[in-house]
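Analysis of the macromolecular model
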Amino acid sequence: MPDDAGPEERTPRALRPGRKVVAAVAALLLLGGGTAVAVGLLDQDAAPTSPTAGASAPSPSTTAGALPAPETTTPSEAPEPRIPPTELSIPAIDVQSAVTRVGLNPDGTLEVPQPGPDYDKAAWYEGSPAPGQTGPTVIEGHVDSAENGPSVFYDLGELAAGDTVDITREDGSVVTFEVYDVQAFPKDEFPTLDVYGNTEGPELRLITCGGEFNSDSGHYVNNTVVFARQVQA
Amino acid sequence: MKRAAVAAPALSLAAMLALASPAAAADGSAQGDLAPVPVNGVEGSGEGMLTVEGTTLSFTLAAQGLLADAPHAAHIHYAEESMNTCPTADAATTAEALEGETNPDEHLTTTEGAPFYGGIVVSLTTSGDTSPDSGLAVDRFATGPDIEYMRGDVEVSEEVAADILSGETVVVVHGVDYDSDGAYSMGERGVSDLDPALPGEATDPALCGVMAASQMSMPEGGVDTGDGATSGIENIGLIGAGGIALLGGAALIARRRLAADNS
């Protein structure tokens, strides 16, 4: 009597795989297929976190009161020396990175780390104050890359007020900043003075991308900006 | 005897500064928040940024809380002999009453503020001439209550460019509705100290801010730090192949069961 119906009737019985083999193959396919699907799904990177602090561009009426008044340096104050950053550490999101340098593109926009060994490192905008100097020290980092997935500032949007950032400088000293705000701004309505404007004391701006990803442009539509100010040790 | 190697000359100060601050598109910029001028009672705010490249000035100016549907003259003020600050409240008491002005100590006029911020050096018009001659060109200023505009084409003298970069100029936005009648009227304020044909309400200073030197070379806009690898479905191939294998395994089992049922 036949074991299976259909086309296999034509195969000589001696050449048909036995029940145990069929069972084993079925099991392997299920196991392998299940594992593949599981790995494929579990390995899925979540989209980068958007900051919970709010995603709307601030209207001008919120900025004047929200930020400290511009600094007026008295002649007797000696300015802090300009000592470039070399390393960055953000314990709350388990980030440690060397800090490279970037400048401005010819059109005046901020350069970003280029593909290569420095892509996944934080980068200090050299046109901004060095850590510890009065004004906003600007440090940027990629949120992700096509090659490696999440990048150095992937979790930046998870930071909250009170989290700290340690910046090591070229002379070995460490400057500590405390986060006081995390915001998302649309790139096409970027509030320049809110992010880069003068501050009363030494501050820090950590910048990466966030929000919706526009697959036509190949870019995220927002910037996530972490605002922090220096705390005395 | 060997000659000692000649030491390389030390970098000049200019060269060191150039290394420390890489050249950006602009020579520099100045910026500041605008706050209500004392005494005049405007409840508003604003901010300005002045960017200089050679003798070309570009600026952004934003303000809120100004008299609605009325033009608000705005200027950059400077004078070497001035204090390069915004006026204090006692400035309102310095001048005599103008024609039609019944309570001069309750109005701080542009002239009374001049010792603090100096005369007009640039008229921040929305178009056309920007010299002090356009100081009262009311048809080329923005209309309240909220203003926000920018220009990139203002030609200035080398002197004014240097004054702006020094962080000592002051931006003043004018227009105060003292009697809250919704328009620039004579009321108790009388005529303008700048032009007796205009009501003082049209020209008195409303908001003022010192434009301090920017602490950095201001970048343009946001930052492109990410190319979206973590957005959307990844590993489509792995999930797809795995899915097919799952189906294959399930089919085999189904056929065996079918055969078992049939046997």
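What you are looking at is a predicted structure, and each value in this text was computed from that prediction instead of being measured.

Right, let's get into the overall build of chain B. Counting its secondary structure elements, chain B contains five helices and eleven strands. Out of the 263 residues in chain B, the part that is buried amounts to 45%. Put simply, 71% of the contacts in chain B that link residues at least 6 apart link residues at least 24 apart.

Before going further, it helps to spend a moment on the overall build of chain A. Secondary structure assignment for chain A yields three helices and ten strands. Going from the N terminus to the C terminus, chain A shows its helices and strands as α-α-β-β-β-β-β-β-β-β-α-β-β. Scored against the burial criterion, the 233 residues of chain A give a buried share of 37%. Long-range contacts, defined as pairs at least 24 residues apart, comprise 63% of the intrachain contacts of chain A with a sequence gap of at least 6.

Residues and elements named next belong to chain A. The predicted model of chain A averages 81 in pLDDT, with 69% of residues at 70 or higher. Contacts from residues 1–9, a stretch scored under 50 in pLDDT, to residues over four places away or in other chains number eight contacts. The model gives residues 53–71 a pLDDT under 50, and that stretch makes 46 contacts with residues more than four places away or in other chains.

This part takes up helix 3 (residues 158–165) of chain B. Count 3.6 residues to each turn of an α-helix, and residues three or four apart come out pointing the same way. Residues and elements named next belong to chain B. All of the buried residues along helix 3 are Ala161, Asp163, Ile164 and Leu165. Looking at the buried residues of helix 3, the elements they touch are strand 1 (28–36), strand 2 (45–53), strand 3 (56–64), strand 5 (74–78), strand 6 (119–123) and strand 11 (212–213). Following helix 3 by one or two positions, Gly167 has its phi on the positive side, about 80°.

Our next topic: the sheet that holds strand 4 (residues 135–140) of chain A. Residues and elements named next belong to chain A. Here eight strands make up a closed barrel; going around it, the order is 1-2-3-4-9-10-8-7 and the pairing mixed. Averaged over neighbouring strand pairs, the angle between their axes works out to 35° when direction is ignored. Where strand 3 (residues 122–125) meets strand 4, two bridges bridge the pair, whose relative direction is antiparallel. Counted as the bridge partner of Ala123 is Glu140 from strand 4.

Residues and elements named next belong to chain A. Bridging between strand 1 (residues 85–90) and strand 2 (residues 95–102) involves four bridges; their strand directions are antiparallel. The residue of strand 2 that forms the bridge with Ser89 is Gln96. Where strand 2 and strand 3 come together, four bridges link them in parallel fashion. If you follow Val102 over to strand 3, its bridge partner there is Tyr125.

Another aspect to go through is the pairing of strand 4 of chain A. Taken residue by residue, a regular strand's side chains alternate between the two faces of the sheet. All names here are of chain A. Within strand 4, six of the six residues are buried, which leaves it mostly tucked inside the rest of the structure. The sheet contact formed by strand 4 and strand 9 (residues 202–214) spans six bridges and is parallel. Directly across from Thr137, in strand 9, lies its bridge partner Leu204.

Residue and element names in this part refer to chain B. When pLDDT is averaged along chain B, the result is 86, and 76% of the positions lie at 70 or above. Counting interchain partners and residues more than four positions distant, the pLDDT-below-50 stretch residues 7–24 has ten contacts. Interface confidence for the predicted complex, expressed as ipTM, amounts to 0.75; the pTM equals 0.75.

What follows covers unusual backbone geometry. Residue B:Gly144 is joined to B:Pro145 through a cis peptide bond whose omega torsion reads 10°. Mapped onto the elements, B:Pro145 comes out in the loop between strand 7 (142–143) and strand 8 (147–155). Residues other than glycine seldom take positive phi values, yet A:Asp94 does so here, at roughly 55°. Given 8 C-beta atoms within a 10 Å radius, A:Asp94 is considered exposed. Of note, the phi angle at B:Val39 is positive, near 80°, even though the residue is not glycine. On the secondary structure map, B:Val39 appears in the loop between strand 1 and strand 2.

Before going further, it helps to spend a moment on helix 2 (residues 110–117) of chain B. All names here are of chain B. Taken together, the buried positions of helix 2 are Thr110, Glu112, Gly113, Phe116 and Tyr117. What you see down the axis of helix 2 is that its buried residues fit within an arc of 150°, all on one side. Along its buried surface, helix 2 packs onto strand 5, strand 9 (170–174), helix 4 (200–203) and strand 10 (205–210).

A few words now on the environment of A:Gly103. Residue and element names in this part refer to chain A. Here Gly103 shows up in the loop between strand 2 and strand 3. Accessibility expressed as a C-beta count within 10 Å gives 16 for Gly103, which makes it partly exposed. Taking the C-alpha atoms as reference points, Gly103 and Phe213, separated by 110 residues in sequence, lie 25 Å from one another.

Checked against the element boundaries, A:Ala130 lands in the loop between strand 3 and strand 4. For the pair A:Ala130 and A:Gly197, spaced 67 residues apart in sequence, the C-alpha separation works out to 15 Å.

So, about the environment of B:Gly175. All names here are of chain B. Structurally, Gly175 can be placed in the loop between strand 9 and helix 4. The class for Gly175 is buried, based on 24 C-beta atoms found within 10 Å. Sequence-distant contacts of Gly175, defined by excluding residues within four places in its chain, comprise Leu66, Leu67, Ala70, His72, Ala73, Gly144, Tyr184, Ala202 and Ala206.

Conventions we followed
Residues numbered from 1 in each chain as written. Chains lettered and ligands numbered in written order. Predicted model: local features only at pLDDT ≥ 70, side-chain atom pairs only at ≥ 80, totals over all residues. Helix = DSSP H or I, 4+ residues; strand = E, 2+ residues; numbered from the N terminus. Buried ≥ 20, exposed ≤ 12 C-beta atoms within 10 Å, placed from the backbone. Contact = placed C-beta atoms within 7 Å. pLDDT = per-residue confidence, 0-100. Pairing = 2+ DSSP bridges. Axes fitted to C-alpha atoms, helices over the stretch in contact; angles between N-to-C directions. Arc of directions from axis to C-beta.

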